[in-house]
Amino acid sequence: MWLDYHSGAQLTIASGVLPPHPTFRIQLMRATLTLCGIIITACGLSSAADTPRDLARLIDGHIDQKCPDGRQAALLSESAFIRRVTLDLAGRIPTVAELEQFRNSESLNKRVELVQRLIDSPDFAFHHRNELDTLLLRRLEHNDQWRAYLLEATQQNRPWNQIFREIMLPEDACPDDARPATFLRRRIRDLDAMTNDTSKIWFGVNVACAKCHDHPLADDWTQAHYYGVASFFKRTFQTRNGSLGERFDGRIKYMTTDGDELEAEFMFLTGKKIREPKLELDEAKLKEYREAIKNSEKDDKAPSPPKPDFRPRAQLVDAALADTEQDFFARNIANRIWARMFGRGLVHPLDQMHSENEPSHPELLQLIASDLRAHGFDLRRLRQAIAMSDAYARQSRLLDDIDPPSEHLFAHAVPRPLTPHQLSLSFRIATSNPKELTGLASQNDWEKQRQELERQSEGVARQIEIPDDGFQVPISEALWLSNNPQVERDYLSASNNRLVGYLGSIQSNEELVVAASKSILSREPRPEEQSALVRHLESKPDHRSAAIDQVVWALLATPEFRFNH
């Protein structure tokens, strides 16, 4: 027997009806896992996970093992859960119609079904594209063609290792498509940027501190590692027409802290060295090839440059994907997906994956990294599994008499600032007429509508700061929300297709406040909020339209709207 302990429904047992108390849920879960053949032992958990729900149960088992009994926060309310999971899987807040559809559902599996619906929705691909764009390019430039490439990849649920190969080896993996080359092309004039960004983004390792000397804090990283990774990019060049190629020779030399000059070897982060075969070209042929490469760099009509047999970037890709022991590639993206859903990584900071910074849950990180490999680097599956877990669905607040456990135990949620695209899209959703913008609840043309919302919100997203650890809302954002005419024009318009216009048609102040709160905060107002907002509306009988504007603006400006909590 497996009952959806996310549903909040009472569980009927032979002896009667028991409430879904957290401790009881955990006991039932463990008993059920055992019956299913996934045995929890003193040594840890089995890694068998055929489905995302299986993986969710294993995730909860690992989190429960490390968290003291009675110290975990309660599960979210239905309203709070749909807001959190819609932000995380769709990149926006839910519409009022989606909120009501979910709360009115009588299905015992309603949360699991919601997660599946969001994963299968057009929203997931758009949101995942936006996240990958931020991760990989981080505003080095805004490139519509690059974003189109990422959207195609997410819509097709292209495996992460395939995306990696396409981006690192675009001239081989996508010879007729210049878009994947953007990642390297944007960094082509800066070998340090190609080295550091590749190491951090794809492998979770910041090797920058090992350039001038061995890493001062982590014995794992030496100058040989830094220049070993840099060597894979040393020969990369860009032709005049924007494609990438590699030269036939060229090695990096560097000075050690002892003053010795060394020639770098091709070496991956694991210490694996790649031996370069002897170049079997006479001097005349090598000179001819070098001239052809020079011409391709100067003339966009020049023939495609020749390709050497030994391709350093191809060697890097092969070494990274073949590494199953330290598994930097799989562990890094698993850790980043976890951090995106929880607000911090199992390894934190995310680019400090080394022996001096052990994961908070080593077996769990290994589990989800191994599961990624076993299921073809399907990032959608991992996000689905996390969203189905109890660990993900916990409140950010504990009982008043409980000291909160450390964040690394994941016993309660960590409020997370919305990303630029999440915030700009949520502004649009929140301030639309809820009767007209119903989203997945009923709109048959939702993919087209979502694409239009992306277009409308792109300009605002570019103005919003990308949040990092310790994020605080900047003064520039507060001033923009307070003074920018765009806010009045786009979010506070009284037209019929906007929230303000819809609220103006409601006669009852009490009903108006409820409608505003559900549209913006995805919940009904608390009694004290209801009273304060109704009093404000009643105080301006001759300026009702302005008073409605003020109510909507005040709710949009709250920290509750600004954060995923």
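Reference entry: report on the structure contained in this document. Note that the structure is a prediction, hence the values are computed from the model and not measured.

The helix and strand tally for the protein stands at 26 helices and twelve strands. Along the longest, intermediate and shortest principal axes, the C-alpha atoms of the protein span 90 × 60 × 45 Å. Evaluated residue by residue, the protein yields a buried proportion of 54% over its 565 residues. Here the protein has roughly 25,300 Å² of accessible surface; of this, 48% comes from carbon and sulfur atoms. In the protein, 71 side chains carry a positive charge and 83 a negative one; their mean positions are 3 Å apart.

Right, let's talk about the side chain of Glu-98 for a bit. By secondary structure assignment, the location of Glu-98 is in helix 4 (residues 96-104). The class for Glu-98 is buried, based on a relative accessible area of 7%. Those residues in contact with Glu-98 that lie beyond four places of it in its chain are Ile-82, Arg-92, Thr-438, Gly-439, Leu-440 and Ala-441.

Interaxial distance between helix 23 (residues 509-521) and helix 25 (residues 544-556) falls to 10 Å at its minimum, and their mutual angle equals 35 degrees. In this structure, helix 23 crosses over helix 25, and the sense of that crossing is right-handed. For the pair helix 23 and helix 25, the contacting residues are Asn-509, Leu-512, Ala-516, Ser-517, Ile-520 and Leu-521 in the first and Arg-544, Ile-548, Val-551, Val-552, Leu-555 and Leu-556 in the second. Per-class residue counts for the contact of helix 23 with helix 25 are nine nonpolar, two polar and one charged.

A few words now on the nonpolar core. In terms of nonpolar packing, the biggest core is built from 98 residues, with Leu-136, Trp-160, Met-168, Trp-202, Phe-203, Trp-338 and Ile-368 touching the most fellow members. At nine residues, helix 15 (residues 328-342) tops the list of elements feeding residues into this core. Sequence-distant contacts of Phe-203, defined by excluding residues within four places in its chain, comprise Phe-164, Thr-198, Phe-268, Leu-269, Leu-316, Ala-320, Phe-328, Phe-329, Asn-332 and Met-353. Ranked by size, the runner-up nonpolar core spans 39 residues in total, among them Leu-492, Tyr-502, Leu-512 and Ile-548.

A separate point is the layout of surface pockets. One number sums up the size of the second largest pocket: a volume of about 500 Å³. Together, 17 residues line the second largest pocket, and Ala-80, Ser-396, Arg-526, Glu-560 and His-565 are the ones closest to its centre. Broken down by element, the lining of the second largest pocket gets its largest block of residues, three residues, from helix 3 (residues 78-90). Split by residue class, the lining of the second largest pocket holds five nonpolar, six polar and six charged.

In this model helix 24 (residues 527-538) runs 16 Å from its N-terminal to its C-terminal C-alpha over twelve residues, within 8% of the 16 Å that 1.5 Å per residue would give. Listed as buried for helix 24 are Gln-530, Leu-533, Val-534 and Leu-537. Each buried residue of helix 24 sits inside an arc of 100 degrees when the element is viewed along its axis, so together they form one side. Across from the buried face of helix 24, at angles greater than 90 degrees, the exposed residues are Glu-528 and Arg-535. Elements in contact with the buried residues of helix 24: helix 23 and helix 25.

Cis geometry is adopted by the peptide bond preceding Pro-349, which originates at His-348 and carries an omega value of 0 degrees. The residue Pro-349 is located in the loop between helix 15 and helix 16 (362-374) in this model. The phi torsion at Arg-138 lies on the positive side, around 40 degrees, for a residue other than glycine. Inspection of the secondary structure assignment puts Arg-138 in the loop between helix 6 (122-136) and helix 7 (144-155). The exposure class assigned to Arg-138 is partly exposed, which follows from its relative accessible area of 38%. The phi angle at Asp-327 is positive, at roughly 55 degrees, despite the residue not being glycine. With respect to the element layout, Asp-327 can be found in the loop between helix 14 (312-322) and helix 15. For Asp-327, a relative accessible area of 1% translates into the label buried.

Moving on to the packing of aromatic side chains. Scanning all chains against the criterion turns up 25 aromatic pairs. Ring centres 4.9 Å apart and planes at 50 degrees place the aromatic pair Phe-164 and Trp-202 in the tilted group. One end of the pair, Phe-164, is in helix 8 (residues 160-168); the other, Trp-202, is in helix 11 (residues 191-203), and 38 residues separate them in sequence. When its relative accessible area of 0% is taken as the criterion, Phe-164 is described as buried. Given the relative accessible area of 0%, Trp-202 is considered buried. The interplanar angle of 85 degrees and the centroid separation of 5.4 Å between the aromatic rings of Trp-338 and Phe-410 together place this pair among those described as edge-to-face. Placement of the pair is Trp-338 in helix 15 and Phe-410 in the loop between helix 17 (379-388) and strand 11 (416-417), with a sequence separation of 72 residues. There is no split in this pair, since Trp-338 and Phe-410 are both buried.

Here we take up the packing of helix 2 (residues 52-66) against helix 16. Relative orientation and spacing of two packed helices are given, respectively, by the angle between their axes and the distance between those axes. Packing of helix 2 against helix 16 leaves a shortest axis separation of 9 Å and a crossing angle of 170 degrees. The pairing of helix 2 with helix 16 is recorded here as roughly antiparallel in orientation. Between helix 2 and helix 16 the crossing geometry is left-handed. Packed against helix 2, whose contacting residues are Leu-55, Leu-58, Ile-59, His-62, Ile-63 and Lys-66, the element helix 16 presents Pro-362, Glu-363, Leu-364, Leu-367, Ile-368 and Asp-371 at the interface. Of the residues in the contact of helix 2 with helix 16, the class split is eight nonpolar, one polar and three charged.

So, how was this worked out
Residues numbered from 1 in each chain as written. Predicted model: local features only at pLDDT ≥ 70, side-chain atom pairs only at ≥ 80, totals over all residues. Heavy atoms only, no water. Helix = DSSP H or I, 4+ residues; strand = E, 2+ residues; numbered from the N terminus. Buried < 20%, exposed > 50% of the residue type's maximum accessible area, 1.4 Å probe, protein only. Areas by Shrake-Rupley, 256 points an atom, 1.4 Å probe, with all protein chains shown as cover. Lys, Arg positive; Asp, Glu negative; His and termini not counted. Charge placed at Lys NZ, Arg CZ, Asp CG, Glu CD. Contact = heavy atoms within 4.5 Å. Axes fitted to C-alpha atoms, helices over the stretch in contact; angles between N-to-C directions. Left-handed = near helix turned anticlockwise from the far one by under 90°. Nonpolar A, V, L, I, M, F, W, Y, C, P; charged D, E, K, R; others polar. Core = buried A, V, L, I, M, F, W, Y, C linked by side-chain atoms within 4.5 Å. 1 Å grid on protein atoms, 1.4 Å probe; cavity = no way out; pocket = protein on both sides within 12 Å on 5 of 7 lines; lining within 4 Å. Points joined across faces, edges and corners; volume = space filled by probe spheres on them. Expected span 1.5 Å × (residues − 1). Arc of directions from axis to C-beta. Phe/Tyr/Trp six-rings, centres within 6.5 Å; stacked < 30°, edge-to-face > 60°. Parallel < 35°, antiparallel > 145°, perpendicular 65-115°, else oblique.

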